Amino acid sequence: MGAAAQEQVRGGFTARYGAEPDGIWAAPGRVNLIGEHTDYNDGFVMPFALPHQAVAAVSRRADGVLRLHSADIGGDPVELRVADLAPESDRSWTAYPSGVVWALREAGHEITGADVHLASTVPSGAGLSSSAALEVVVALALNDLYGLGLRGRQLARLCQRAENVYVGAPVGIMDQTAAACCEAGHALFLDTRDLAQRQIPFDLAAEGMRLLVVDTQVKHSHSEGEYGKRRAGCERGAALLGVAALRDVAVDELDAALERLADDEEAQRLVRHIVTENARVERVVALLEAGDTRAIGPVLVAGHASLRDDFRISCPELDLVVDTALASGALGARMTGGGFGGSAIVLVEAADVDGVTKAVEGAFADAGFTAPRVFEAVPSAGARRLA
Ligand code: ADP
Ligand code: MG
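Residues numbered from 1 in each chain as written. Chains lettered and ligands numbered in written order. Predicted model: local features only at pLDDT ≥ 70, side-chain atom pairs only at ≥ 80, totals over all residues. Heavy atoms only, no water.

Peer 1: Is there a simple way to explain the packing of helix 9 (residues 296–309) against helix 10 (residues 316–327) in this structure?
Peer 2: Packed helix pairs are specified by the crossing angle of their axes together with the interaxial distance, meaning the distance between the axes. Their axes nearest at 11 Å, the elements helix 9 and helix 10 cross at an angle of 150°. The orientation of helix 9 relative to helix 10 falls into the category roughly antiparallel. Here helix 9 and helix 10 pass one another in a crossing that is left-handed. Here Val301, His304 and Arg308 of helix 9 lie close against helix 10, whose contacting residues are Leu318, Asp319, Val322 and Leu326. (Axes fitted to C-alpha atoms, helices over the stretch in contact; angles between N-to-C directions. Helix = DSSP H or I, 4+ residues; strand = E, 2+ residues; numbered from the N terminus. Parallel < 35°, antiparallel > 145°, perpendicular 65-115°, else oblique. Left-handed = near helix turned anticlockwise from the far one by under 90°. Contact = heavy atoms within 4.5 Å.)

Peer 1: Please explain the sheet that holds strand 5 (residues 78–81) as it appears in this structure.
Peer 2: Strand pairing in a sheet takes place through backbone hydrogen bonds and is either antiparallel or parallel in direction. With respect to topology, six strands assemble into an open sheet ordered 5-4-6-3-1-13, the strand pairing being mixed. Taken across any chain shown, the strands that pair with only one partner, and hence form the sheet edges, are strand 5 and strand 13 (384–385). Of the strand pairs in this sheet, strand 4 (residues 65–70) and strand 6 (residues 114–120) are connected by five bridges, and their pairing is parallel. Looking at the pairing, His69 lines up with His117 of strand 6. Sheet strands in contact with helix 5 (residues 174–181) are strand 1 (23–32) and strand 3 (47–60), and its direction is about 130° off that of strand 1. (Pairing = 2+ DSSP bridges.)

Peer 1: What is the right way to look at the sheet that holds strand 12 (residues 373–376) in this model?
Peer 2: Read across the open sheet, the four strands follow the order 10-11-9-12; overall the sheet is antiparallel. Of all the strands in the sheet, just strand 10 (332–336) and strand 12 have a single pairing partner and so form its edges. Averaged over all pairs of adjacent strands, the angle between their axes in this sheet comes to 20°, without regard to strand direction. Seen against the sheet, helix 11 (residues 353–367) touches strand 9 (209–219), strand 11 (341–349) and strand 12 and runs at an angle of roughly 15° to strand 9.

Honestly, it's all geometry; don't read function into it.
If you want it as structure tokens, here you go:
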């Protein structure tokens, strides 16, 4: 987001609240390069930050009042009292920033109010984590304004708690950690068991490649129930195998594990995906650290096949993106995010961007699907103060 957009958020704040903000902060959306549904199995994920971000102008208040306004929602600011915030009491967008205030106060930080005006370029509900961008931008602003001295990973934890408990959404730690901790030109290798993290060089432009995000604009209504079923199935698999989490099954132990699950075809499929997916994340890390970026293409493709055939969370639109992209010369492609819609990622040579984009758009038109939104994702900076 350029200086113009930042000034727009500043102007929006001043118009609403009649004073200059104390500061302006930004936090990005993310895509997950590889490591899908591994986060609730104590496994590995590898997100990077998008150039799309939530920008918030914020001022501190001392009177216990929290005022929230989104340029993208409009209307008058919502006014709340911080002392009245209660989990699952709010079904609107304001639950995300309010939840952050609640989680900070729950953790013992004396937050006495704020005025918030924000705008976001992260597409909402596209699996690109607009919700975490919203949470993290507010958390970072309050961290600075109240001198809390919390680090990115601590803010991520508090934001996850806000979303789990206050909003009531059972999400893992990946999205908030990505928004808080990613660095430009890098993907973030995150071990969701101990939250150890490592920045992995991922500067595609320097190597003549691009990464496209294809938002299918599809969101199937049964996705939440299916998420719960996959999660329960993974837990059943781990229990049957006598491990704390599927993370504890190494890829060379997979055959033996599948034999032990011979009576449970569903558990076999879910376990196979998680175990091989963790291995794929480690493979991608090794390839990127060795400078062999083009070689990650087939690993992404294998990840898609595993999500489609074993985890069974793809859909015709996502499969069409992947099949069409590969047929028109992409180096690799896979669905990303929770599944049943949302977005796919496509790794292409810079020279093939237009050809692959047109092929995917054409295939969607031929199939009678809603036109997808295709954009380029440059690995970008995590949350930071802009002014
Ligand atoms: P995702 O995080 O994948 O985009 P979620 O369902 O987790 O999808 O979060 C989307 C929700 O976040 C929206 O329904 C809305 O409540 C909130 N949200 C996202 N962007 C904005 C925005 N610019 N202004 C206000 N609320 C927003
Ligand atoms: Mg979300």
